[in-house]
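Summary of the model geometry
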Amino acid sequence: MAALRLFTFAALLGMITACSLTNRTPIIVEETTPESRPIVYYYFASGDDFPAGSVVILADSLVLSPTAIPGSADVAANIQAALQAAIADPRNAWTSNDLTLTSVTFDNGHAEVVLSGEISGAGDIVRIAARMQFLLTVFAEPAVQTATITLNGESIGNLGISHSSEAKPADYAYTRAEIEQFIAENALS
């Protein structure tokens, strides 16, 4: 069963990648002062009318949304506010009764995010989309160049994996280039 799910996921991911246009522009938050822009985060969209720039992850779409919270010069506080907005969003396809944002630090372009609790969803696809929701939200902060996000001591990259060969070490640092490539390959235009 796990092999079938992995094959299905790989086939769908291959179809999405094959269908994506290579000249798509990655979503980049405009260069402004932190105080002049609101905190933003990604939320799960439903229906058929997704705005341009939405990121499609198989059956789920993630959309960048501003909050009413103004940004600040404190990058860690901006990331924390954005993640708290994402966690609290009622449109999430995943559920959790105990997900906690334990800590957020930022130093020299690197964000360190520690989460604890459980994330549940109807299948691995929802958990993979949740993983990307957190990653995209952290990298929506323009100052972030690399990020390590853990959930219960494991890399967020392990959320929704079907096989241990896909596992990432707890200290895996995602790069902005890696996230921008993912967005470019999976963005609606």
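Not measured: the values here are computed from a predicted model.

Quick look at the overall build of the chain now. Scanning the chain for helices and strands turns up four helices and eight strands. Counted from the first residue to the last, the chain has its helices and strands arranged as α-β-β-β-α-β-β-α-β-β-β-α. Within the chain, buried positions represent 41% of all 189 residues. Within the chain, contacts between residues at least 6 apart in sequence are counted, and of these 69% link residues at least 24 apart.

All right, on to unusual backbone geometry then. The backbone of Asn108 shows a phi angle near 50°, a positive value even though the residue is not glycine. Note that Asn108 resides in the loop between strand S4 (100-107) and strand S5 (110-116). Backbone geometry at Asn152 places phi at a positive 55°, although glycine is not the residue there. Mapped onto the secondary structure, Asn152 falls in the loop between strand S6 (146-151) and strand S7 (154-155). What makes Asn152 partly exposed here is its relative accessible area of 41%.

Once that is clear, we can look at the packing of aromatic side chains. Applying the stated rule across the entire model yields two aromatic pairs. With 5.9 Å between their ring centres and 40° between their planes, Trp94 and Phe134 make a pair best called tilted. Taken as a pair, Trp94 in the loop between helix H2 (75-88) and S4 and Phe134 in helix H3 (residues 124-139) lie far apart in primary sequence, 40 residues in all. Residue classification places Trp94 among the buried positions, given a relative accessible area of 5%.

With that settled, the discussion passes to H2. Taking 1.5 Å per residue, 14 residues should reach 20 Å; H2 reaches 20 Å between its end C-alpha atoms and fits that length. Among the residues of H2, those classed as buried are Val75, Ala76, Asn78, Ile79, Ala81, Ala82, Leu83, Ala85 and Ala86. Its side-chain oxygen placed 3.2 Å from the backbone nitrogen of Ala76, Asp74 serves as the N-cap of H2.

The next thing to look at is the pattern of salt bridges. Pairing between side chains becomes possible if they bear opposite charge and their charged atoms approach one another. Within the structure shown, the criterion is met by three salt bridges. Across the pair Arg176 and Glu180 runs a salt bridge, and its minimum N-O distance is 3.6 Å. On the criterion of helical spacing, the pair formed by Arg176 and Glu180 is a turn pair, its members being four residues apart in helix H4 (residues 176-186). By relative accessible area, which is 15% here, Arg176 ends up buried.

What follows is about the nonpolar core. Residues Ile79, Val113, Leu115, Val138 and Ile156 are the most contacted members of the largest nonpolar core, which totals 40 residues. Contributing elements (two or more residues each) for this core: strand S1 (38-45), strand S2 (55-57), H2, S4, S5, H3, S6 and H4. With ten residues, H3 is the largest single contributor of residues to this core. Ile39, Tyr43, Ala81 and Ala82 belong to the second-largest nonpolar core, a separate cluster that totals nine residues.

Parameters and conventions
Residues numbered from 1 in each chain as written. Predicted model: local features only at pLDDT ≥ 70, side-chain atom pairs only at ≥ 80, totals over all residues. Heavy atoms only, no water. Helix = DSSP H or I, 4+ residues; strand = E, 2+ residues; numbered from the N terminus. Buried < 20%, exposed > 50% of the residue type's maximum accessible area, 1.4 Å probe, protein only. Contact = heavy atoms within 4.5 Å. Phe/Tyr/Trp six-rings, centres within 6.5 Å; stacked < 30°, edge-to-face > 60°. Expected span 1.5 Å × (residues − 1). Polar contact = N/O pair within 3.5 Å; in protein donor to acceptor, adjacent residues only side chain to side chain. Salt bridge = Lys/Arg side-chain N within 4 Å of Asp/Glu carboxyl O. Core = buried A, V, L, I, M, F, W, Y, C linked by side-chain atoms within 4.5 Å.

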